[in-house]
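The residues making up each chain are set out below.
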Amino acid sequence: MGKHSKIFYLLTALIGLMLLTSGVNAANIGKISGKVVDRDTGEPLPTVAVSVEGTDMGALTDINGQYVILNVPVGEYSIKASLVGYQPVIKQGVFVSVDLTTYVDFELTSKAIDIGEIQVVQAERPLVIKDQTSTLRLVSGDEARNMPTRGYQDVVGLSTGVVAFQDNSSVRQRGGNESSNSPTLNIRGGRQNEVAYLVDGFATSDPLTGLANLSVNNNAIEEISITTGGFNAEYGWIASGAINVTTKEGTKNYSGNLEAVTSELTDEYGYNIYAFDLTGPIIPGNERASFFVSGERRVHLDRQPHAKAGDEPLPHNDLRGWTWQGKLRYDLNQAMNLRLGVIGSYDKWNRYIRSYHFNTAHAPKYEDVNNSVNLQFTHNVSKQTFYTVRGAYFLTKRTSGDGVYFDDLWGYIRPKGNKAFDATTLFRTWDDPETYYQVCCPGNTWCSEPLGPNDSIPDDAPCSASELTYRYDYYLLSNDEGNYVDSSKLDESYVLDDFTKRRSSYYGFDFDLTHQLNKANEIKVGFEYQRHTLRYLRHVTPIQLYNGPGVGTQDMDNYGYDLEFQYDEDSSLTGVKVVDQDDGWNAAKNPYNFALYIQDKFEWEGLVINAGLRYDYLNVNTYRLKNEAWPLDPDSLAIKFPDNDEYTEEAQKLTLDDLEDAEAEQRISPRLGIGFPVTDKTVFHLYYGKFFQRPELQYLYVSYDYLFYMIDAHPYFNPIGNPNLEPEETTAYEVGVTHQLGDNSRFDITAYYKDIRNLTQVDHVPVDPFAYDTYTNKDYGTIKGLEFAFKLRRTNNIALDVAYTLSKAQATGSFASTQNNVAWTNSEEPLRISPLDFDQRHKLTAVVDVRSGAKEGPMLGNFYPLERAGLNLVFNTASGNPYTPAEIYNEVTLGSVTPTPLSSINSRYGPWTYRIDLKANKTFTVAGLDMDVYLWILNVLNTENAIDVFEGTGRPDDTGWLATGEGQAFINTHSDPDPVTGMTGEEMYQFKQNDPNSYDLPRVIRLGVRLSF
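Since the structure is predicted, the reported quantities are computational estimates derived from the model, not experimental observations.

### What about the overall build of the protein chain?
- The helix and strand inventory of the protein chain stands at eight helices and 50 strands.
- Scored against the burial criterion, the 1013 residues of the protein chain give a buried share of 56%.
- Accessible surface, the protein chain as shown: approximately 42100 Å² in total, 53% of it carbon and sulfur.

### Focus on the packing of aromatic side chains
- Applying the stated criterion across every chain, the model contains 38 aromatic pairs.
- Aromatic side chains Trp912 and Tyr914 sit 6.4 Å apart centroid to centroid with 20 degrees between the ring planes, which places their arrangement in the stacked category.
- Look at Trp912 and you get partly exposed, because its relative accessible area is 40%.
- For Tyr914, a relative accessible area of 41% translates into the label partly exposed.
- Within the aromatic cluster, the residues linked to one another by ring pairs are Phe509, Phe527, Tyr529, Tyr592, Phe594, Tyr615 and Tyr617.
- Seen from the ring of Tyr103, Lys130 lies directly overhead, with NZ or CZ sitting 5.4 Å from the centre.
- The aromatic ring of Tyr271 is capped on one face by Arg1006, whose charged end is 3.5 Å from the ring centroid.

### Looking at helix α7 (residues 965-973)
- Among the residues of α7, those classed as buried are Gly967, Phe970 and Ile971. Along the axis of α7, the buried residues cluster in a sector spanning 100 degrees; they form a single face. Away from its buried face, by an angle of more than 90 degrees, α7 presents the exposed residues Gly965, Glu966, Asn972 and Thr973.
- Buried positions along α7 lie against α8 (985-993).

### Re the sheet that holds strand β6 (residues 89-96)
- Overall, mixed pairing links the five strands, which are arranged β3-β2-β5-β6-β9 in an open sheet. A single partner strand is all that each edge strand has here, and the edge strands are β3 (58-60) and β9 (119-122). Within the sheet, the average angular offset between the axes of one strand and its neighbour, ignoring direction, is 20 degrees.
- Two strands pair when backbone bridges link them, and strand β2 (residues 49-52) and β3 are joined in this way by three bridges, in the antiparallel orientation. Bridge pairing in β3 places Ser51 opposite Gly58.

### Quick word on unusual backbone geometry
- Even without glycine at this site, Asn796 takes up a positive phi of about 50 degrees.
- Along the chain, Asn796 falls in the loop between β41 (772-795) and β42 (798-811).
- Looking at Asn796, the relative accessible area reads 70%, which means it is exposed.
- One non-glycine residue, Ala927, adopts positive backbone phi at about 55 degrees.
- Secondary-structure assignment places Ala927 in the loop between β48 (913-926) and β49 (929-938).
- For Ala927, a relative accessible area of 76% puts it in the exposed group.

### What about the pattern of salt bridges?
- This structure, assessed with the given rule, holds 50 salt bridges.
- Where Asp512 meets Arg390, a salt bridge forms, and the shortest distance between an N and an O atom there is 3.1 Å. Remark: Arg390 occurs in strand β23 (residues 385-402) and Asp512 occurs in strand β28 (residues 499-516); sequence separation between them is 122 residues. For the pair Asp512 and Arg390, a shared accessibility class is recorded, and that class is buried.
- The salt bridge partner of Arg851 is Asp849, with a shortest N-O separation of 2.8 Å. Of the two residues, Arg851 and Asp849, neither departs from the other in class, the shared state being buried.
- Salt bridges sharing common partners tie together Arg150, Glu259, Glu296, Arg298, Asp347, Asp932 and Arg1010.

### Remarks on the nonpolar core
- Ranked by size, the top nonpolar core spans 21 residues in total, and within it Ile32, Val50, Tyr67, Ile69, Phe106 and Leu108 carry the most contacts.
- Only β1 (29-38), β2, β4 (66-73), β5 (75-82), β6 and β8 (106-108) provide two or more residues apiece to this core.
- The contact partners of Val50, leaving out residues within four places of it in the chain, are Val36, Gly58, Ala59, Thr61, Tyr67, Ile69, Ile79, Lys80, Ala81 and Phe106.
- Among the nonpolar cores identified, the runner-up in size contains 20 residues, and Ala212, Val216, Ile226 and Ile243 belong to it.

### Side note on the sheet that holds strand β16 (residues 241-247)
- Read from one edge of the open sheet, five strands run β10-β15-β16-β13-β14, paired in mixed fashion. Strands with a single pairing partner mark the edges of an open sheet, and in this sheet they are β10 (136-140) and β14 (202-203).
- Summarising the sheet, strand β15 (residues 221-227) and β16 pair through six bridges and their orientation is antiparallel. Within β16, the residue paired with Ile221 across the bridge is Thr247.

### Quick word on the side chain of Glu891
- Tracing the chain through its elements places Glu891 in the loop between β46 (882-883) and β47 (908-909).
- Given a relative accessible area of 6%, Glu891 falls into the buried group.
- Looking at Glu891, its side chain comes within polar contact range of the main-chain nitrogen of Gly952, at 2.9 Å.

### Remarks on the environment of Thr262
- Here Thr262 shows up in strand β17 (residues 255-262).
- Among the polar contacts made by the side chain of Thr262, one reaches the main-chain amide nitrogen of Glu264 at a distance of 3.0 Å.
- In this structure the side chain of Thr262 is engaged in a polar contact, spanning 2.7 Å, whose partner is the side chain of Asn272.

### Focus: the environment of Phe292
- In this structure, Phe292 sits in strand β19 (residues 289-300).
- Taking C-alpha positions, Phe292 is 9.6 Å from Ser255, a pair spaced 37 residues apart along the chain.

### Topic: the environment of Thr679
- As for its position among the elements, Thr679 is in strand β37 (residues 665-679).
- Along the sequence, Thr679 and Gln740 sit 61 residues apart, while their C-alpha atoms lie 10.0 Å from each other.
- Polar contacts involving the side chain of Thr679 include one to the side chain of Thr682, which spans 3.2 Å.

### A few points about the confidence of the model for the protein chain
- Taken as a whole, the protein chain shows an average pLDDT of 86; of its residues, 88% reach a score of 70 or greater.
- The lowest-confidence element of the protein chain is strand β25 (residues 428-429), averaging 43 in pLDDT; the highest-confidence one is strand β44 (residues 842-851), averaging 97.
- Low pLDDT (under 50) marks residues 422-435, which in the prediction has 47 contacts with non-local residues, meaning those over four places away or in another chain.
- Confidence drops under pLDDT 50 across residues 471-490; counting only partners more than four residues distant or on other chains, this segment forms 60 contacts.

Quick notes on the rules
Residues numbered from 1 in each chain as written. Predicted model: local features only at pLDDT ≥ 70, side-chain atom pairs only at ≥ 80, totals over all residues. Heavy atoms only, no water. Helix = DSSP H or I, 4+ residues; strand = E, 2+ residues; numbered from the N terminus. Buried < 20%, exposed > 50% of the residue type's maximum accessible area, 1.4 Å probe, protein only. Areas by Shrake-Rupley, 256 points an atom, 1.4 Å probe, with all protein chains shown as cover. Phe/Tyr/Trp six-rings, centres within 6.5 Å; stacked < 30°, edge-to-face > 60°. Lys NZ or Arg CZ within 6 Å of the ring centre and 35° of its normal. Arc of directions from axis to C-beta. Contact = heavy atoms within 4.5 Å. Pairing = 2+ DSSP bridges. Axes fitted to C-alpha atoms, helices over the stretch in contact; angles between N-to-C directions. Salt bridge = Lys/Arg side-chain N within 4 Å of Asp/Glu carboxyl O. Core = buried A, V, L, I, M, F, W, Y, C linked by side-chain atoms within 4.5 Å. Polar contact = N/O pair within 3.5 Å; in protein donor to acceptor, adjacent residues only side chain to side chain. pLDDT = per-residue confidence, 0-100.

Have a look at this one:
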């Protein structure tokens, strides 16, 4: 029994004894509106008191029987309407969603027979959202917890218009796209950085890369709002989608959950999660102050299992992580309240790469850290007006490097070179022909003296040749006399020659004022400000650091970080570490932005108009080259007179005189959404909006030392940052109709079109003395699609959601580095748009939920075996991602060359994928507590879904190259087994091309238990 299996049993056994433990305040809000009439006469009733039970929120109806309750936090409520002489009515289960109006109408009766009682009505979430003026999907926390998913990203990935994109970078480098611990989300053909990730209204994306690595505990989620179309004016620097996660808020009664999930009992993948949350008043009996806290521990032996990998976890593919969360609410009085929240996560994970299979210890390792603190003050000035002031600090950082040395940069050094890939054998070997090695018997009972490259294995070796292991002599770390510097590293193979450390943070505040001008117009105005601190260091050859400052750091791009070298008494280098750099030539970057916006929500007789205008200002707050065509001496007479004697070599240095302040960017974005009823069950909406997306800030900045090095020497291809990048521009159009079919179902059709311009892309700059490569605004494209959705509200215990997307996403580049080869070889740029790498033409998702309440289902005697049980089943199928067909060539070794296309870019598509996931649960009452036990199965049918294919064959497991004349020659040349792997050249090639990373996950079975109290 494994360690985590024991933990699972222990938690299950002790879970009933743990009655007290820890949550988050929802900063996102909506409003409640409606009309109260006399049930018998239909006449409107004025002065009716409409209140939100358990809160101080409420309003009186006007002369027309209408009321509005503003500033209602997202969540589920009971709404009460009461008037002297009428029977009070309470509607339970009313759910308020972010940025939306929840319409709650009442009919009161004055019949004497009814006045003495309170009528309680169970409300249902409306099928048609009347004030929806763009595509929006709302998923409650309970719905998310019932689904076979974990984390809000998995839920979002199932939505229409969303592509959960994953690929195998070993097959084809997707434009330098940075590694992520989960599939990236591309919404309606947009790049990954075009999605805003918000938790309780606060941004949680890394501005340097656009990645969102913050994890949120499943049990803390109140609602997930997924906007894939248009956005109101309060949303800035966003072009494709907004994911807004609202977390739970403190309650007046104590409650909480303990949860454990494991796969230790069913497979070897080692998936383990332990979570808790607790909510209640800070002081018992005092409802003015409440809290919600949660935490989660993640331990995965294989964080992303893949089919074709066998039943064992992939080596060096594990994860260890935590999530923490807390929120306090304090009501100063009935009109003012404070909310303080913290949320963060930590993940340390390894990445399996096929080329490192025999060197997994040195495969890449990553460490992601996120921390956020936010404070919100809300003041209800009157029933018609309130304002909110928010302040936030957010920090995200990542370190990535060699799996052994990681952030110990001195461990990377290799004075005489690094073991390297061999283009024929596919794996690691020496690149220094004079390097020595040793051969050893099992257990190192005998080792030879160091052997040269032409020496043979001694005949007196006390074990057979097949048992020998090759211990590479650490000649690379030896001094001139041949003495070992570190003999403990004799067996060490290739060290990952790449190290990156980055840290992004921002502090910001915003103010917004909402005023219900009249019964039809809700006006909202706001101001936002953010200031970032960006630190970045990437050393592309850390093995050179033994050279010290200068030569050892010339391959390093850094700002906000620098290297501090350490020396002994003899002035010999003994170490190096990363330190903060806050002043000087390569100080941290501090871009800042602010915005102003005004939004009017007009609601009249079912007609809803969301009209807004937004102004954005972005100052990258750095220097740029005065003259990109003559960067090192922009004012020299040599520009006009190249033979001028004053033009000397000394002028060819980068100084502050060659730089100037970068210009700030200003943009105005109009937004207009209209929704109106065609009939009482049909709502039509249309949307137009102009959006501007801030480029990933990593493409704006470069250290000035590295800039000079790349311009002056251009030793290799590596694009450098460009402060002249402008915001990327998207113009979006959308039209849709929602029709309610009967009382319990609806059907939606939405068509959209997006025109995208000024997207970031690598460009080749032909300048003196050497051409270099940077990023410019030159990509463009068009995106269009149709979305169909059908929803069946729970009827006879069954709920159903079906969604289909037909889309066509085309542009001149999928990522900012898609045209790396074009820039490197200075070849012709693409002039026509082509399908994007994440273009998914067809996607169909069906979610079926069957659930029974207490005393429901078949009955056996006095027992209901299926009461409080449920089954959630998700069926997902999608067409494959595109690729460019090419002549068959060697696609898997480092001898691979640029392919010869047989057709236009991304003109063919990989195979479809099919997957069924399910989650079945049943709740028991144990000692007065609810214990929910569930079975969670991913890929129920164990389908082998390919996510990447080779361009020569369109297959995920065969390049076709071995069948060519060149491939046959390779087989004949490398027919002897490799001394390290024991494989022939043919076996090694087949091993490499059968990469499990080219497949989605196999069948995975997990068990879980949640105790609620």
